[in-house]
Amino acid sequence: MNKPESSPLLDALNLEVHYGGIAAVKGVSFSVMQGEMVCLLGANGAGKTSTLKALARMINSTGEIRYAGEKINELPSHVLINKGLALVPEGRGIFARLTIAENLTMGAYHRQDKAEIAADVERIFTMLPRLKERENQVAGTLSGGEQQMLAIGRALMGRPKLLLLDEPSMGLAPIMVAKVFEVIQSVAAQGVTIFLVEQNALLALKVCSRGYVMESGKITISDTAPNLLADARVRAAYLGE
Amino acid sequence: MKIPTNFLHNKGNIAPMIALAIALIALPFALALVGTAWVRITNFAVLFVLLSLGLNIVVGFAGLLDLGYIAFFAVGAYTYGLLASPHLGVHLPFWIILPIGALVACIAGAVLGAPTLKLRGDYLAIVTLGFGEIVRIFMNNMAAPINITNGPKGIAQIDSFQIGPIDFGKVDTLGGLIVSGPIKYYYFLMLALMVVVIINGRLKDSRIGRAWVAIREDEVAAKATGINTRNIKLLAFAMGASFGGLSGGMFAAIQGFVSPESFILNESIMVLAMVVMGGMGNIWGVIAGAVLLSFVPEILRYTVEPVQMAIFGKMWIDPEVLRMLIFGLALVLTMRFRPAGIWPESRHRREMTAAAK
């Protein structure tokens, strides 16, 4: 695992998200260091996805979001990928009727360097050989786990510095979850900073160095992964003990 | 069906192209032998092809369900009617008004698009349906206090096209050949069709085209890949609307008359049916759908009565009722057995065959 540097790549300060009159995220603050792998844990409806969507500017939020030292609260979502911030949305969000190769090239939509794009596609195929075999198949025919890998691969096509992952284990068979997490770890090993939202706390804490626990819109616990794994409250609430 | 689908890039086999071109050039004269009415029917079919290609950008490429598309046709038609008729006493030449009509429709498209950016599917359909009705009702009521549209009476005596000495409203003879007004319009429409097809083909393969497909497939993912979904969706509405406006202008000139009655909801649904039945997203499929759905009801109009008389010796069912009954049944059967359309886009076909396995 890469050694975290001292500067935070992502910094959220008093982040709040409202849907109409309902507050989904009630003033959370957290940070992710360069090269770090951090997770945000919590039950259904805790506000994890809302937090992630706010970070990717898919929804509006108040408070402050700083990415690479720049305040990004007011920026439209589509410019973030140019800055190296990529989101793998919840439920995978692949382009079901496009082929796998087309999905990957779509991930490089904002780039103009054709030769480099082709090289990146090959690089991702080497990393995800299962996708290479199905290169010209329609993405909708892939299994859930393969779709998740494709979604991650597509995000990597944008050459991100920070990857936001929303529940990559959702709806997958345990064996597939393990494979997806292997992929995530290898992405992290390449130096990509990762902020991971997960319900599967055990798995997330095993691969991450730090974690935040979110409950009804607030961050209630923040600690290193080993400490969280040992924490009685975490064990009771998320590890089924 | 192995007709070259890559028409625009096909350089090798040119013989079928030439044959098709000759057939299309000769067509109006052949039809004129049967009756000028058939030339008119063909012209309307081409107009519907143009409309369908416009709607295909919105529905087929970008996946935005628009049930009020005929409104842009109306906007183009009324723009032409107002700027080339005794109603306001303005008589501008067509080559000025057609672009103006397309531009006005384009703006109308953006105006409709802007508030609906966050809507999808059924919700978008309802809003666009409302928009289509609002435009029609506007045309119906803008006769007082200031008479702009002349209300339900419509605008009459609209100028026909005029290119130099050639008046599209009059019959000419060219070396013994009788060239009627509808025949002249036919050639103009074919020219317009060629331009629109080329623009459509280019758009589809462009960066914008890929962005539309991405939005159609998954909007959140499209955003995440760096597509400015707001602008790209607005562009789809605006471009689709411009084609609608352009067709509307030609419609007004051909008819010489426009009234709100021509722009009812039924027409929007008809154009949508052409796009869906032909094969959403595929330019050639959409053309096929529009041609079929324009001609089949007309052919039935002329055949239902004699066939009934021949079989039963008398009229059992009112021909108008039977005509729509057969037409509706044909639609149902087509969608049952070719759910992706007669000639679907390869992507849709891939999905449909994958689903069948």
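Provided above is the structure to which this section pertains.
Residues numbered from 1 in each chain as written. Chains lettered and ligands numbered in written order. Predicted model: local features only at pLDDT ≥ 70, side-chain atom pairs only at ≥ 80, totals over all residues. Heavy atoms only, no water.

(A) How the structure looks around the nonpolar core. In this structure, Leu53(B), Tyr80(B), Phe161(B) and Met250(B) are the most contacted members of the largest nonpolar core, which totals 93 residues. With 12 residues, helix α2 (residues 36-61) of chain B is the single largest residue contributor to this core. Setting aside anything within four residues of it in sequence, one finds Phe161(B) in contact with Tyr80(B), Phe94(B), Leu98(B), Ile166(B), Asp167(B), Phe168(B), Tyr185(B), Phe188(B), Met250(B) and Ala253(B). Residues Leu142(A), Met149(A), Ile152(A) and Val213(A) belong to the second largest nonpolar core, which totals 51 residues. (Core = buried A, V, L, I, M, F, W, Y, C linked by side-chain atoms within 4.5 Å. Buried < 20%, exposed > 50% of the residue type's maximum accessible area, 1.4 Å probe, protein only. Helix = DSSP H or I, 4+ residues; strand = E, 2+ residues; numbered from the N terminus. Contact = heavy atoms within 4.5 Å.)

(B) Region of the structure containing the interface of chain A and chain B. Taken together, the contact between chain A and chain B spans 24 residues of the former and 23 residues of the latter. For the pairing of chain A and chain B, the buried interface totals around 2200 Å² over both sides, and the portion due to carbon and sulfur atoms is 60%. Counting across the chain A and chain B interface gives 1 salt bridge. Here Glu217(B) makes a salt bridge to Arg97(A), at a shortest N to O gap of 2.9 Å. Taken together, the connections running from chain A to chain B amount to 4 residue pairs in polar contact (both at pLDDT 80 or more). (Buried area = accessible area lost by both parts, 1.4 Å probe. Salt bridge = Lys/Arg side-chain N within 4 Å of Asp/Glu carboxyl O. Polar contact = N/O pair within 3.5 Å; in protein donor to acceptor, adjacent residues only side chain to side chain.)

(C) Expanded view of the packing of α2(B) against helix α6 (residues 181-205) of chain B. Residue and element names in this part refer to chain B. Where α2 meets α6, the axes come as close as 10 Å, and the angle between the chain directions of the two elements is 15°. As the angle between them shows, α2 and α6 are arranged roughly parallel. Here α2 runs over α6; the crossing is left-handed. Across the contact of α2 with α6, the residue classes tally to 19 nonpolar, 4 polar and 2 charged. (Axes fitted to C-alpha atoms, helices over the stretch in contact; angles between N-to-C directions. Parallel < 35°, antiparallel > 145°, perpendicular 65-115°, else oblique. Left-handed = near helix turned anticlockwise from the far one by under 90°. Nonpolar A, V, L, I, M, F, W, Y, C, P; charged D, E, K, R; others polar.)

(D) Region of the structure containing the packing of aromatic side chains. Residues and elements named next belong to chain A. Summed over the entire model, instances satisfying the criterion amount to 21 aromatic pairs over all chains. Aromatic side chains Phe 30 and Tyr 212 sit 5.8 Å apart centroid to centroid with 55° between the ring planes, which places their arrangement in the tilted category. Taken together, the positions of Phe 30 in strand β2 (residues 22-33) and Tyr 212 in strand β9 (residues 210-215) put the pair 182 residues apart, joining distant regions of the chain. Given a relative accessible area of 3%, Phe 30 falls into the buried group. (Phe/Tyr/Trp six-rings, centres within 6.5 Å; stacked < 30°, edge-to-face > 60°.)

(E) Up close: the state of the cysteines. All names here are of chain A. Taken as a whole, this structure holds 0 disulfides over all chains when the rule is applied. Here Cys 39 is not disulfide-linked; the sulfur of Cys 208 is the nearest cysteine sulfur, at 4.0 Å. Take Cys 39: its relative accessible area is 0%, and that puts it in the buried class. The class for Cys 208 is buried, based on a relative accessible area of 6%. (Disulfide = S-S within 2.5 Å.)

(F) Seen up close, the sheet that holds strand β7 (residues 162-166) of chain A. All names here are of chain A. Here 6 strands make up an open sheet; going across it, the order is β6-β7-β8-β3-β9-β10 and the pairing mixed. With partners counted over all chains shown, the strands left at the sheet margins are β6 (85-88) and β10 (218-224), one partner each. With direction set aside, neighbouring strand axes in the sheet form an average angle of 15°. Note that β9 and β10 share 6 bridges and pair antiparallel. When the bridges of β10 are listed, Glu 215 appears paired with Lys 218. (Pairing = 2+ DSSP bridges.)

(G) View of helix α4 (residues 94-113) of chain B. All names here are of chain B. The terminal C-alpha atoms of α4 lie 28 Å apart, and with 20 residues this matches the ideal 28 Å at 1.5 Å per residue to within 8%. Along α4, the residues classified as buried are Phe 94, Ile 97, Leu 98, Gly 101, Ala 102, Ala 105, Ala 108, Gly 109, Leu 112 and Gly 113. Take α4 and look down its axis: the buried residues cluster within an arc of 145°, on one side only. Opposite the packed face of α4, turned more than 90 degrees from it, sit the exposed residues Leu 103 and Val 111. Those residues of α4 that are buried lie in contact with α3 (70-83), β1 (84-85), α5 (121-141), β3 (162-163), α6 and α9 (229-255). (Expected span 1.5 Å × (residues − 1). Arc of directions from axis to C-beta.)

(H) The arrangement of helix α11 (residues 283-312) of chain B in detail. Residue and element names in this part refer to chain B. Between its terminal C-alpha atoms α11 stretches 42 Å, which fits the 44 Å expected from 30 residues at 1.5 Å a residue. At Thr 303, α11 shows its largest kink, close to 35°, and the proline Pro 306 lies no more than four residues downstream. One or two positions beyond α11, positive phi appears at Gly 313, with a value near 80°. (Bend = angle between axes of the 7 residues up to and from the residue.)

(I) Local environment of the sheet that holds β2(A). Residue and element names in this part refer to chain A. Here we have 4 strands laid out as an open sheet, ordered β2-β1-β4-β5, and antiparallel in their pairing. Of all the strands in the sheet, the pair left with one neighbour each is β2 and β5 (70-71). Note: strand β1 (residues 8-19) against strand β4 (residues 62-67), 5 bridges, orientation antiparallel. Note that in β4 the partner of Asp 11 across the bridge is Arg 66. Lying over the sheet, helix α1 (residues 48-55) contacts β1, β2 and β4, oriented at roughly 120° with respect to β1.

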